[in-house]
Amino acid sequence: MSHSTPPWRQLSCIVLLACFAQLAADLYAPSLPIIAQAFGTDIGQVQVSMAIYMAALAISQLVYGPLSDMLGRRRVLTWGCLIAMGGSVLAALVHSLDMLLLARLIQGLGAGACACIWRAVFRDLFTGEALSKYASYLVVLIMFIMPAAPLLGSYLTHYVGWQANFGFLLGYAIVALIVLRVSFVESQSGMHRQPLAWSGLWQGYRQLLQHRQFITMSAITFLCYGAYFSWFSIGPVLLPTRLGASPLFFGWLTGVGGGACYGLAAWFNGRWVGRLGLQRMLQLAMGLMLTAAITLSIGWQFVAPSLITLIPPLLLFWFGAALIWPNANALAFSSVGHIAGSAAALYGALQLGGAACITQLASLLPHDQLWPLAMLMWLAPLLSMLIFQRAAGKRLASTPC
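Residues numbered from 1 in each chain as written. Predicted model: local features only at pLDDT ≥ 70, side-chain atom pairs only at ≥ 80, totals over all residues. Heavy atoms only, no water.

Below, the discussion takes up the overall build of the protein. Within the protein, the regular secondary structure consists of 15 helices and zero strands. Counting over 401 residues, the protein shows a buried share of 59%. Taking all contacts inside the protein whose residues are at least 6 apart in sequence as the whole, residues at least 24 apart take part in 85%. Counting every atom, the protein has about 15,400 Å² of accessible surface; 67% of that belongs to carbon and sulfur. (Helix = DSSP H or I, 4+ residues; strand = E, 2+ residues; numbered from the N terminus. Buried < 20%, exposed > 50% of the residue type's maximum accessible area, 1.4 Å probe, protein only. Contact = heavy atoms within 4.5 Å. Areas by Shrake-Rupley, 256 points an atom, 1.4 Å probe, with all protein chains shown as cover.)

This next bit is on helix α10 (residues 231–243). Between its terminal C-alpha atoms α10 stretches only 15 Å, short of the 18 Å expected from 13 residues at 1.5 Å a residue. With ten of its 13 residues buried, α10 lies for the most part within the structure. In the segment just after α10, G244 is the residue with positive phi, at about 70 degrees. (Expected span 1.5 Å × (residues − 1).)

A word on the pattern of salt bridges. Throughout the structure, instances matching the rule amount to one salt bridge. Of the charged contacts, one joins D69 and R73 as a salt bridge, the two residues approaching to 2.9 Å between their closest N and O atoms. (Salt bridge = Lys/Arg side-chain N within 4 Å of Asp/Glu carboxyl O.)

On the surface, a cluster of nonpolar side chains totalling about 590 Å² of accessible area is made up of I294, I298, F302, V303, W378 and L382. Those elements that provide at least two residues to the nonpolar patch are α12 (278–302) and α15 (371–392). The dominant element in the nonpolar patch, judged by the number of residues it contributes, is α12, at three residues. Structurally, L382 is set in helix α15. (Patch = residues over 30% accessible without salt bridge, like charges linked within 9 Å, V, L, I, M, F, W, Y side chains within 5 Å.)

Throughout the structure, instances matching the rule amount to 19 aromatic pairs. Note on F168 and Y172: the rings are 6.4 Å apart at their centroids and 40 degrees apart in plane angle, and the pair reads as tilted. Taken together, the residues F168 and Y172, both in helix α7 (residues 163–183) and four residues apart, mark about one turn of the helix. You can call F168 partly exposed: its relative accessible area is 32%. (Phe/Tyr/Trp six-rings, centres within 6.5 Å; stacked < 30°, edge-to-face > 60°.)

Turning to its location among the elements, P312 is positioned in helix α13 (residues 307–332). Here P312 falls in the partly exposed class, since its relative accessible area comes to 47%. Considering only alpha carbons, one finds P312 and A292, 20 residues apart in sequence, at a separation of 8.2 Å.

Ranked by internal contacts, the top residues of the largest apolar core, which has 136 residues, are I14, L17, M54, W231, L310 and I324. If one sorts the elements of this core by residue count, helix α5 (residues 97–125) sits on top with 15 residues. When near neighbours in sequence (up to four residues on either side) are disregarded, L17 contacts L77, C81, C114, A176 and L180. (Core = buried A, V, L, I, M, F, W, Y, C linked by side-chain atoms within 4.5 Å.)

Before going further, it helps to examine the environment of V237. Topologically, V237 is positioned in helix α10. For V237, a relative accessible area of 9% corresponds to the buried category. When the C-alpha positions of V237 and F250 are compared, they lie 9.4 Å apart, and in sequence the two are 13 residues distant.

So yeah, pure geometry; function would need other evidence.
Right under this line is the structure:
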């Protein structure tokens, strides 16, 4: 379905829903050391709660996406909000690490609907250049929430307590559900729905796994998003133990610095993507991320470990990553509109699966050393460049259809 003017009522509702998944992922990151102390456990055990949430968020999308193709977007989004609310209630009341892990699992299972269906809604509403334009803006806005969430979480933790983060998420989910029921109009035409059948859950995935361009962009997003998300696991421990910075500084650095990078990237992408094209913008993004990794390694190896040698390359890495998301998203969805729900689910699952895998890897590495962060910052753009070059010999469609 195409619209000559943007349906702002629909888009505002989708923005609210899509941001919940990112808020729930990152809001309580500054409180990880405090939670570990409260439960009398190792910080690595608490970091597992982030990996569990991201894994549940990723896997649940594989069900929500096809279901939304069969039952409609609005109904499935409602189910997801209700499940996420249950997980938020439990997380705010837990008194043990095991219960926290269960609560985060339930939160992730619910938030999966919010994380994937917004992409399907955009494909329902827009075609052609409009799809690339508005989806790019929303991707940057959603990713902007990632650095902003820890800033809010650091203040909630400092002034109220770590449980306040989950109380905030409960309130957010309630507001999102109310807006969904009042403002959202079903975006999927009934005549385009897939038949309700178990086989329908997997039929679209078979097509997508054979779609070279979709898989290429999904793999790049898997790597780059995972490397970016590793900061939310490593940063809260690295800054105070190695550099003497406070948890509030982590929130400010991530919120203000990351937010500035995403805002600048949104402006830059909107101004230059029409001139350079999606593929060149993607190559530029990977080059900037690799440059950041090189600069960080040189600074810490030959100068001294300090905030001065950490912050500039970190900001450059975030800026490059912010250019990856909208352009990879637009290329991935350029020719899969007939199975938009399944495509949104698989793409989101692979993106968040990267975060889950790399967060779990980070929890097994030294928490107070720089080299795990530097290693991930090196590997993500290098492997992404290799994947992109292997696909470059084949024609990649840049114009959504």
